[in-house]
Amino acid sequence: MATLAPELLKKEKKEKDFSLPPLPLAEKGNVITRFPPEPNGYLHIGHAKAAIIDYEYARLYDGTFILRFDDTNPENALLEFYDAQIQDLRWLGIEWDLEYHTSDHLQTHYKLAEQLIRQKDAYICNCTPEAIKDGRFHAKSCACRNENTGSVGLDLWKQMLASPEINYIVRLRGEMDSDNTAMRDPTLFRVITATHPLTSDNYHVWPTYDFAGAVEDSISGVTHPFRTKEYELRDPVYFHILNLLQLRTPHLMEFSRLSIEGMPVSKRKIKPLIEQGLVSGFDDVRLPTLRGLKRRGLVPEAIKQFVFQQGFSKVESVVDFSLVESVNRKFLDPRVKRYYFVPDPVRLVVADAPKKTVKLPLHPDAAMGNRTLHTASIFYIPRQDMQKMKVGDVFRLKGLYNVKITNIDETIQGSYAGEEIIQESAKIQWTTDETMPLKILVPGLLFKGETFNPESLREMQGYAEKAVARLPAGEIIQFERVGFVRLEKQNNDTVAIFTHK
RNA sequence: GCUCCCGUAGUGUAGUCCGGCCAAUCAUCACGGCCUCUCGAGCCGUAGACUCGGGUUCAAAUCCCGACGGGAGCACCA
């Protein structure tokens, strides 16, 4: 083949697909996956990774994909986030076959709990949290373990269900002497009296993640649940619970969390910044929340591809944002309109300027049409470019004609210097005196190491060409020689958010 | 402290299960060139890595042991 058609070999090598590795124990048509967010906040890039992997595997195997809200802690779940998360997922281009809430199934969970207690595989513990913690640390069990199970346990369980005043917990009879502390009789149910956004005050006994997660995965038919690595120690708990209940055990798998250098995802870090007014909210353009990324001009396809490129090993990685940028740029470049923006403008007067009407292409390659500009003798050009120039230099007003500099002062004086393109001359973007003043917000790294970077959001002031004023908010364009930006309305003003170069 | 997971260029990743075809893949970043009326895209090139130490073997990124480094868990959060 190498001798017959060497070009084929070459091409094969170049095409890199980021398709998912095959799933173990998977058959086409028989794969069910699930994405189980807790409705307690906005989705971020880490959630996106999980959701994309879950969703894409279901698709790859012609399977079923479930969106399940793990809302078993009424203190955390907030009504607004069910919807917000749905919107974020839709934006990502993810579709699900089934949607439900773990809180829909509390009665089932109660029945299973009862079964465990009856089997003496779970017990009611009324020790103090401190005692429990201490016991777990020292691998010592308490008296409740043997006393409050079976029929005695069942009785206490009924009391728990009957009154929120009975503040006991249900614990699994695991292995108190296990090396794995997760197995030292983990909590299965506890009393939480906060009002739940969906079930209101109807329930006050709530399953913990260990119980609810395992049970839901099993009874909803999930075949391949993925979770992040920090749950790995809880795998034995997961399987133990299902085995005791004689429920089907899915094929659990873990992958590492995805984090981006300088862009924290944790609410613990972000919330104080919002409260201090250092970031505008969870949709701040410096944040890796889906909303932040969207505002910044990241497109869902790019996020998806970025996730694929990361793969999903168990290696912890801190990705550089430039990897995200480059993927995004490849999506944006072919389909985004070009305009001129002049940062830090300086006035240019071309004394003998011919009056012209020019059509400038909206894209260098793609057929996107033109915008029309009328020029006279007044222009604005970037100060930075002018600082490199001296009297006598010739540069080109990009797409227009050449100008020879005759004087440099507060303003630049120039003279018309012909139309033909001079290969080695600078081509500089410009506006006429018909401009649109525009501010570009330039996001940087929110954190440098562990400390907040006070210069993480800079501003670039300048003039955009007038046509930009007619573009709809939300449009992403490229300002030539500046970078990609997304336009946004902020109190009746249009501002641009710098996406990346 | 104990337990578990992980360790390939600056960053991310393929390869590790089933040792040889790996003088190690691809991307990104950096640098240089070509192309282009953009500092974008495209094309070409340069630079850059198997954490360390032992062992097994004819042969180790790949298997074994140990160290070191990073992460996680020891919640009535998920």
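The structure presented is a predicted model; accordingly, all values stated were derived computationally and were not measured.

### Points about the overall build of chain A
So, point 1. Along chain A, the regular secondary structure elements total 14 helices and 28 strands.
So, point 2. Against the compact-globule benchmark of 23 Å for 501 residues, chain A has a radius of gyration of 30 Å, which places it well outside the compact range.
So, point 3. Taking the principal axes of the C-alpha coordinates as reference, chain A spans close to 100 × 65 × 35 Å.
So, point 4. Within chain A, the proportion of its 501 residues that are buried is 50%.
So, point 5. Counted over contacts in chain A with a minimum sequence separation of 6, partners at least 24 positions apart contribute 69%.

### Examining the sheet that holds strand E22 (residues 435-443)
So, point 1. One open sheet holds the seven strands; their spatial order is E12-E26-E27-E28-E22-E25-E13, and the pairing between them is mixed. Pairing within the sheet leaves two strands with one partner each, and these edge strands are strand E12 (337-339) and strand E13 (341-343). Averaged over all pairs of adjacent strands, the angle between their axes in this sheet comes to 40°, without regard to strand direction.
So, point 2. Both E12 and strand E26 (residues 476-479) contribute to a ladder of three bridges, which runs parallel. Note on E26: the bridge partner recorded for Lys337 is Ile477.

### So, the domain arrangement of chain A
So, point 1. What the domain assignment lists for chain A is domain 1 (126-206), domain 2 (344-432) and domain 3 (436-500).
So, point 2. If you average the C-alpha positions of domain 2 and of domain 3, the two centres end up 24 Å apart.
So, point 3. Contact residues are listed per partner, giving 11 residues for domain 2 and eight residues for domain 3.
So, point 4. Between domain 2 and domain 3, roughly 850 Å² of surface is buried when both sides are summed, and carbon and sulfur atoms account for 48% of that area.
So, point 5. Area buried by domain 2 at its contact with domain 3 is led by Arg371, Gln429 and Thr431, which between them contribute 45% of it.
So, point 6. For Glu465, the salt bridge goes to Arg371, with nearest N and O atoms at 2.8 Å.

### Observations concerning the protein's contact with RNA strand B
So, point 1. Lining the immediate surroundings of RNA strand B are 57 residues, of which Arg190, Gln310, Lys330, Arg338 and Arg481 lie closest.
So, point 2. Sugar and phosphate atoms represent 71% of those atoms of RNA strand B found within 4 Å of the protein.
So, point 3. At 3.1 Å from a sugar or linking oxygen of RNA strand B is found a side-chain nitrogen or oxygen belonging to Ser322.
So, point 4. A distance of 3.4 Å is found between a base nitrogen of RNA strand B and a side-chain nitrogen or oxygen belonging to Asp385.
So, point 5. Among the secondary structure elements, those contributing two or more residues to the surface near RNA strand B are helix H1 (6-14), helix H5 (129-137), strand E6 (187-191), helix H12 (300-310), strand E11 (317-319) and helix H13 (321-332).

### Some details on the pattern of salt bridges
So, point 1. A complete count under the given rule lists 29 salt bridges for this structure.
So, point 2. Across the pair Asp283 and Arg295 runs a salt bridge, and its minimum N-O distance is 3.8 Å. Within this pair, whereas Asp283 is found in the loop between helix H10 (267-275) and helix H11 (290-296), its partner Arg295 is found in helix H11, the two being separated by 12 residues in sequence.
So, point 3. Since its relative accessible area comes to 31%, Asp283 is described here as partly exposed.
So, point 4. Ionic pairing is found between Lys398 and Glu480, a salt bridge with its closest N-O pair at 2.8 Å. Of this pair, Lys398 sits in the loop between strand E18 (394-397) and strand E19 (402-408) while Glu480 sits in the loop between E26 and strand E27 (483-490), and the two are 82 residues apart along the sequence.
So, point 5. Residue Glu480 is classed as buried on the basis of its relative accessible area of 15%.
So, point 6. One network of salt bridges, with partners in common, ties together Arg34, Arg68, Asp70 and Asp217.

### Quick notes on the nonpolar core
So, point 1. In this structure, Phe35, Tyr57, Leu89, Ile94, Phe226 and Ile303 are the most contacted members of the largest nonpolar core, which totals 41 residues.
So, point 2. Counting residues per element, the ones that place at least two in this core are helix H2 (45-60), strand E2 (64-69), helix H3 (79-92), strand E9 (253-255), strand E10 (258-260), H11, H12 and H13.
So, point 3. When residues of this core are assigned to their parent elements, the largest contribution, nine residues, is made by H2.
So, point 4. Ignoring any residue separated from it by four or fewer positions in sequence, one finds Ile303 in contact with Ile45, Ala48, Ile52, Trp91, Leu92, Leu293 and Leu298.
So, point 5. Counting residues in each nonpolar core, the second largest holds 29 residues, with Ile117, Leu156, Tyr168 and Met183 among its members.

What counts and how
- Residues numbered from 1 in each chain as written.
- Chains lettered and ligands numbered in written order.
- Predicted model: local features only at pLDDT ≥ 70, side-chain atom pairs only at ≥ 80, totals over all residues.
- Heavy atoms only, no water.
- Helix = DSSP H or I, 4+ residues; strand = E, 2+ residues; numbered from the N terminus.
- Rg over C-alpha atoms; globule rule 2.2 N^0.38 Å.
- Buried < 20%, exposed > 50% of the residue type's maximum accessible area, 1.4 Å probe, protein only.
- Contact = heavy atoms within 4.5 Å.
- Pairing = 2+ DSSP bridges.
- Axes fitted to C-alpha atoms, helices over the stretch in contact; angles between N-to-C directions.
- Domains from an automatic or database assignment.
- Buried area = accessible area lost by both parts, 1.4 Å probe.
- Salt bridge = Lys/Arg side-chain N within 4 Å of Asp/Glu carboxyl O.
- Near = heavy atom within 4 Å.
- Polar contact = N/O pair within 3.5 Å; in protein donor to acceptor, adjacent residues only side chain to side chain.
- Core = buried A, V, L, I, M, F, W, Y, C linked by side-chain atoms within 4.5 Å.

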